[in-house]
Amino acid sequence: MKRITYRVLLFILGGILGLLVLYHLYLNFQPEIRLLLHFDSNNEKLLVQMVRSHGLSDVIFLFILNAICVAIPGLSNGIFCVLNGLLYGPAFGFIINWISDILGQSLLLLLLQHLYTPKNLEHSKIYELMSGNHPQISLTIGYLIPFIPCAPVAYMNTLINSTYKKRIIPVAIGTMPMAYLYAYGGDSILHLDTERLIKVVIIFVIIALVSMLFLFTMRKIKNHAKKA
């Protein structure tokens, strides 16, 4: 019961903190929001200049918000990763997304050891899917696919890898492609570039399909080896 209470309190605390940070950003970006609501193609350069003129404090707030959304099970950081690309461009937005993803995942791994019992998931379907002949590759792909929740993949990471060094490798590699894709998509939204947005969606779908195909193939190979 204590663990359940702590998890609920942590979720509520993370949600409140995230809302406070989001409200701070809303106050800072009110002029840009007004301009966007009354957008005119002639104002595109002005909008880009205004959006990209914010300083270090907003970078820090978005970094914290992104890490919180990754670290608290049940929250999603996708919209903030897109926002980072929109505000800071594909290159710097990618750096913010990637580092905050790694930090958030590291915090999540730490929380799991104190608030959950990963051993209980050894017989789950997600564990069977991730623990194929190449568990590190499967974990990396688990972190790569955006619609798989972070918490179950982190559970598997704590079960498969015994040291922090081994756990962080699939996190760092797996979060990299989507961190850039979100940032690139956010920059495309700001410039109203439909062609680039279509490319982002196509790449997103391809990555998801190929990744899921790999995981199911590894599972089939493992099951076939057991029967042999």
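Conventions and cut-offs
- Residues numbered from 1 in each chain as written.
- Predicted model: local features only at pLDDT ≥ 70, side-chain atom pairs only at ≥ 80, totals over all residues.
- Heavy atoms only, no water.
- Helix = DSSP H or I, 4+ residues; strand = E, 2+ residues; numbered from the N terminus.
- Buried < 20%, exposed > 50% of the residue type's maximum accessible area, 1.4 Å probe, protein only.
- Areas by Shrake-Rupley, 256 points an atom, 1.4 Å probe, with all protein chains shown as cover.
- Salt bridge = Lys/Arg side-chain N within 4 Å of Asp/Glu carboxyl O.
- Phe/Tyr/Trp six-rings, centres within 6.5 Å; stacked < 30°, edge-to-face > 60°.
- UniProt positions renumbered as here; feature names shortened; annotations may be inferred.
- Axes fitted to C-alpha atoms, helices over the stretch in contact; angles between N-to-C directions.
- Parallel < 35°, antiparallel > 145°, perpendicular 65-115°, else oblique.
- Left-handed = near helix turned anticlockwise from the far one by under 90°.
- Contact = heavy atoms within 4.5 Å.
- Nonpolar A, V, L, I, M, F, W, Y, C, P; charged D, E, K, R; others polar.
- Patch = residues over 30% accessible without salt bridge, like charges linked within 9 Å, V, L, I, M, F, W, Y side chains within 5 Å.

Quick look at the overall build of the protein now. Secondary structure summary: the protein contains 11 helices and zero strands in total. Going residue by residue from the N terminus, the α and β elements of the protein occur as α-α-α-α-α-α-α-α-α-α-α. Sorting the 228 residues of the protein into buried and exposed places 42% on the buried side. Split by element, the accessible area of the protein, about 12800 Å² in all, is 71% carbon and sulfur.

Glancing now at the pattern of salt bridges. Counting across every chain of the model gives two salt bridges. The salt bridge involving Arg-196 is made with Asp-187; its shortest N-O contact spans 2.8 Å. The exposure classification of Arg-196 matches that of Asp-187, with both residues buried. The closest approach of N and O atoms between Glu-195 and Lys-199, which form a salt bridge, is 4.0 Å. Of this pair, Glu-195 and Lys-199 both sit in helix α11 (residues 194-227), four residues apart, which is roughly one turn of that helix.

Attention now goes to the packing of aromatic side chains. Under the defined criterion, the tally for this structure stands at four aromatic pairs. Ring geometry for Phe-94 and Trp-98: centres 5.9 Å apart, planes at 10°, overall stacked. Of the two residues, Phe-94 and Trp-98 are both situated in helix α5 (residues 78-115); the distance of four residues between them amounts to about one turn of the helix. Relative accessible area serves as the criterion here: at 17%, Phe-94 is assigned to the buried category. With a centroid separation of 6.0 Å and an interplanar angle of 70°, the aromatic rings of Phe-94 and Tyr-180 are classed as edge-to-face.

Here the focus is the UniProt feature "transmembrane region" (unreviewed entry) in the protein. The UniProt feature table records "transmembrane region" (unreviewed entry) at residues 7-26, 59-83, 95-116, 136-156, 168-185 and 197-217. Across residues 136-156, helical content stands at 76% and strand content at 0%; the span's end C-alpha atoms are separated by 10 Å. Across residues 197-217, helical content stands at 100% and strand content at 0%; the span's end C-alpha atoms are separated by 30 Å.

Take the packing of helix α7 (residues 135-144) against helix α9 (residues 164-174) next. In the contact formed by α7 and α9, the axes pass within 8 Å of each other and the chain directions differ by 45°. Between α7 and α9, the interaxial angle falls into the category oblique. For the pair α7 and α9, the crossing hand works out as right-handed. Seen from α7, the contacting residues are Gln-136, Leu-139, Thr-140, Tyr-143 and Leu-144; seen from α9, they are Lys-166, Pro-170, Val-171, Ile-173 and Gly-174. Taken together, the residues of the contact of α7 with α9 break down into six nonpolar, three polar and one charged.

This brings us to α7. Across the 10 residues that make up α7, a large majority, seven, are buried. Looking at α7, one finds that the buried residues are Ser-138, Leu-139, Thr-140, Ile-141, Gly-142, Tyr-143 and Leu-144.

Right, let's talk about a nonpolar patch on the surface for a bit. On the surface, Val-8, Phe-11, Ile-12, Ile-16, Leu-17 and Leu-20 cluster together to form a nonpolar patch covering roughly 540 Å² of accessible area. Position of Leu-20 among the secondary structure elements: in helix α1 (residues 2-28). Of the residues examined, Leu-20 reaches a relative accessible area of 55% and is grouped as exposed.

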